[in-house]
Every structure is written in C-alpha cells, then in structure tokens.
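Survey of secondary and tertiary structure
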Amino acid sequence: MQELQLFNTLSRKKETFEPLKEGFVGIYACGPTVYGDPHLGHAKSYVSFDIVVRYFRYLGYRVRYVQNITDVGHLTDDADEGEDKMAKQSRIERLEPMEIAEKYTYRYFRDMDRLNVLRPDISPRATGHIPEQISMIKKLVEKGHAYEADGNVYFDVTSLPDYGKLSGRTLDEAEAGARVDVSSDKRNPADFALWKKADESHIMRWDSPWGDGFPGWHIECSAMATKYLGETIDIHGGGLENQFPHHECEIAQCEGAHDAPFVRYWMHNNMITLNGQKMGKSLGNAITLEQFFTGSHDLLSRSWAPGVIRFFLLQSHYRSTTDFSEKALESAETGYINLVSILDVIHQTADAGKDDESGSNPAGKPFDLQKLRDGLHACMNDDFNTARAIGLLFEQLRPLKAVLQSGNTPANISELSEFLVHFCGDVLGIWQPGTAGDGADDLPFDEVMQILLDLRQTARKNKDWGTADRIRDRLAELGIIIEDGPGGSTYKLS
RNA sequence: GGCGACAUGGCCGAGUGGCUAGGCAGAGGUCUGCAAAACCUCGUACGGCGGUUCGAAUCCGCCUGUCGCCUCCA
C-alpha cells in the first residue's frame, strides 16, 4: 500500500505521514467549549477527525486520541474585558458553572454518539488540570518566556523567534492590527495571557502562585496534550479558525517550556457555511445538531437523520468549506439511501450464499476487489479524501447491483462483503450490516427474513396474490420494505 | 489595512497538464400480477483577460467576485 499523505498546515503542503514511534499515533484535537449545544460546525470538525482516527486504526496503528473539554470560561478578549462565557451561561440558566459544563458535555457526547463519532480515548477537562497548567506557567516564567504583572501572567512573544510560524504572521503585523488592545499591563500588545487575576465577582477561580485567578485561553491544551501525548505529538487538529491565535499560542507555550517541537503535523478542517457565511455560535446562525435531528428550526422543513448528516459531511473534503442547504442535504440523503441499499444487497447475497445447501450459487465471474480496495486506499491516503472514496464506491459498486439482481453472484462475494463491512462500517462509519434495531444483534434477522421471502415467493408462483400482498403489507407496517426484482425479492428497512 | 483561501455543468461536489469523478435533479428505455423500486442509456462544465505549453479547468501573471483569520468560536 502506498504511503499516507496528509496536508500539514505548518508547511502548507501534503507530507508523507511518519509516526514518531513506529506503529503508534498520538492525536490531539481541540474539543468544544461546553456552554451551548453542538452545531453542524462541530459535526464537520469531529466527524473529520473521527475519520482520521478510524483510518489509522484500520491501517493497524495503535491510536491514542485525546480531545479536551473546555469547561472554564474564556473571556471575549485578551484584556480584562468581555465576559466569561461559562459564567454568562450559568447566569442565564441560573445554574452553577459546573452544572452548565456537565449539561453541555453530556449533550455534546450524546450528539456525537448519534453521528457515530467514536469517543476519544481521553477527554480531559480543563478544570481537572489546573495544577498541570500552573506548573507549565511556572516553567515558562522561570525560563524567561513569561512575566507577571499585577496577578496576571503573560507570555512574552518576543522571547520566541519563530512565533507566528503556523499562521504566517509576524509581530509587526500583529502590532499593526487595529484590534489588539494596547491599554493593558502587557509589555507587548501581542503578548497573551497565561493566567488572569480573578476579580471579586469571578466565580470560577483557583489559587495560584500569583494569587486567585483562572487560566488563560490556550494553556489548557498545551498542558493536557503534553500530559497525555508527550512533549512532541504526531498530529494536532482543530478548526481552521483556531489556527490563530489559539494554536499559535499552544506552540509558543509548549516549545517555550520544552525546547522541543510541539506538533509534527497540524491538521485544520474548514468551515460550514450557511448562505456563504460561516456558521458560528457567536454569529447567531448556527443550527444545532439537535435541531437537525428534530427538524425544529426555521430553516429546516423537516428532521434529518444523523447518518444523513454524517454522509453529507463526508461528501466534501475536510479542508473545503461545506455549504449547507436543505437541497444539498436532500440530495445527500437520497444518495446515502441508494448507497446503503447497494451495500445491503451485497451483504444479503453474501450472507445467503453462506449456508446455501446446493453450494452451487457463487459461480459468477469474480468482482475486481483489488481495484476497489486499492482505489479506496488511494483516496484515503491522499489526505483523507472521503468525497472521492464515496464517488468510487458508487462508481464500482453500482454496476454490481444489476449483476446481483439478475441472479449472478460473483465467486468472491463474501470477501467483498467483508471488506465493505470494514471500509464502510469501520472506516467511514456510514453503514452497519443487517441493522435490525437494538437488541436484535444476535438474532438471525437476515435468515428469518429469508424464510418470509421464500414463503412469499412460493405464494407468488402459485398466483396467490392475497398471501403475497399480505406479507408485504404487514412487513411494511413494521418498516420493512419488500422490493420485487427479476432475480428475486429483497428487503430493506425504511 | 495585514495575512490566507476559494471561484467547476440546474444544484451539491471531487480532481489531474492530454483519457467519463461521483451524487442529486431531469430525459428516454427495460423489467414487472399489482405496487414500489430497481436496472440501463444520456450532460462534455470548469469566473474574466493574458501568458507558458504540441496541449490547461489543472502551471504563471493580472482583474473581478466570494469567504476566512487578525476578538470567544469546530
């Protein structure tokens, strides 16, 4: 198999992936700030990194995937202005900040579970790692990268020559920016806070060598990534909008503290747009996942299944913007249903062939599995191009459906089916074979269905339309659709 | 103002210097007890203007437009 190439934001090029340690991959992705429901933008990001994790596992790597939960409020800017988001939300909902964090953490995972996003191996909370953050700040102060000013601690960006390397900015540019606040006690306007002094009214506060306060925006990720993945990590991911300042500051903190390169490969996913505009919490145009699943939003005419959302996202590349519209979702839905039905037919045929008494069934010309497999691997190895992979699945599997329906079965149908379970199920996460609902996993659902289909086929042969239609109608009531074709009948779940 | 992306057929959306991406929608056809599907065939697109090249949607330049970051944000 050829090498895995991924686009490294640091070099702005596709690079061949080489793990720090043979056979292992450490991945850190910036997680959500839990003061509100997750929306479609979160889904794009975490589905993207879910694919990365799944594909590495598929390739045989041992993956440790760390994704933080930010449960301490960040201010709206780097000066002492703005409001702590957690505090603000807790005031609105009349709950403790930790209740807010708990509530939205729960809802975040609930929605990600629905999207079939695998849970991270470690989901560290910022508030659970205050000592680690403080000790990192102390180290930065000791090494001359940070300084204290009246209970605040700031990172001195001039102490690190290559500050700005990720986002391609220079300090001159930062200073020229009109939005950088100059009125604080920072030495340089571009310096950023590591620790902030808490005033009397601030609820979330911790004791520190610099007095009561709370950590700055960026230090949690540096501290937790280091703790669980080491001083140099393989892959760090996040939304494009975090490239600057968040990720730039993470680099500064880690490289300042450890004198070692922080991240080998930076991956950034692009935005979801709505009418060409970025979808964002603070822009007020975000549609939450819950709203998609229930259809309760002015821009939605109905509800949309999580699988459709996932498929829709995978149909575009993670580094491209994905423009949302119901029309686009609808075409994704139809395409998704069609693809799944092809996969189902393949799986059913393979399954039926397994205990075929005659043993003479799979005799057809073998399917070119090698071509499909190589093609899909090439797509994924090319910076996780799921859009192309899905195109390939349609292209190569669609003709097979006609073959199967005409009663011909390729000799290697079982092998194909098994591969698809892995690729479409384990890697893309868009299909589970024979999903007959909860609790039915260990029941021979396919086999039972086969009996019903056989009975109905006999009835049809005898022109007993009453029985044939009754079977079809009653199954339809249960959400099982029978479709008659020239090569026999198949079923699918509606 | 600084930095950086992107502009593809009705819609969504990949992509490479020369060979059909794919999906959805649309048109025609096949099959069929009925129904519902399904299956087959069909589109020759790449913002504008120059340039490089035997050949560019793909490389370079300019222009136009859209968007992102520079403030919390996936």
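Structure's up top.
Residues numbered from 1 in each chain as written. Chains lettered and ligands numbered in written order. Predicted model: local features only at pLDDT ≥ 70, side-chain atom pairs only at ≥ 80, totals over all residues. Heavy atoms only, no water.

**Some points on the protein's contact with RNA strand B**
- Around RNA strand B there are 66 residues in total, and Lys-85, Trp-217, Met-279, Asn-338 and Gln-405 lie nearest to it.
- Atoms of RNA strand B within 4 Å of the protein: sugar and phosphate make up 64%, bases the balance.
- Contacts to RNA strand B include Asn-242, whose side-chain N or O atom sits 2.6 Å from a sugar or linking oxygen.
- Contact distances for RNA strand B include 3.4 Å between a sugar or linking oxygen and a side-chain N or O atom of Lys-401.
- Take the surface near RNA strand B: its biggest share by element is 10 residues, from helix H12 (residues 386-405).
- Of the residues assigned to the surface near RNA strand B, the class counts are 16 nonpolar, 30 polar and 20 charged. (Near = heavy atom within 4 Å. Polar contact = N/O pair within 3.5 Å; in protein donor to acceptor, adjacent residues only side chain to side chain. Helix = DSSP H or I, 4+ residues; strand = E, 2+ residues; numbered from the N terminus. Nonpolar A, V, L, I, M, F, W, Y, C, P; charged D, E, K, R; others polar.)

**Observations regarding the sheet that holds strand S12 (residues 277-278)**
- Taken together, the 3 strands give an open sheet; going across it, the order is S12-S11-S13, and neighbouring strands pair in mixed fashion. Whereas interior strands pair on both sides, the edge strands pair on one side only; in this sheet they are S12 and strand S13 (322-324).
- The pairing of strand S11 (residues 272-274) with S13 spans 3 bridges and is parallel. For Leu-274, the partnering residue across the bridge sits in S13 and is Phe-324. (Pairing = 2+ DSSP bridges.)

**Focus on the pairing of strand S9 (residues 233-239)**
- S9 sits mainly inside the fold: 7 of its 7 residues count as buried.
- Relative to S9, strand S3 (residues 24-29) runs parallel, the two sharing 3 bridges. In the sheet register, Tyr-28 faces S9, and the bridge partner there is His-236.
- Relative to strand S10 (residues 263-269), S9 runs parallel, the two being bridged by 6 bridges. Bridge pairing in S10 places Gly-237 opposite Met-267.
- Between S9 and its parallel partner S10, the chain crosses via helix H7 (residues 243-258), and the hand of that crossover is right-handed. (Buried < 20%, exposed > 50% of the residue type's maximum accessible area, 1.4 Å probe, protein only. Right-handed = clockwise from strand over helix to strand, strands pointing away.)

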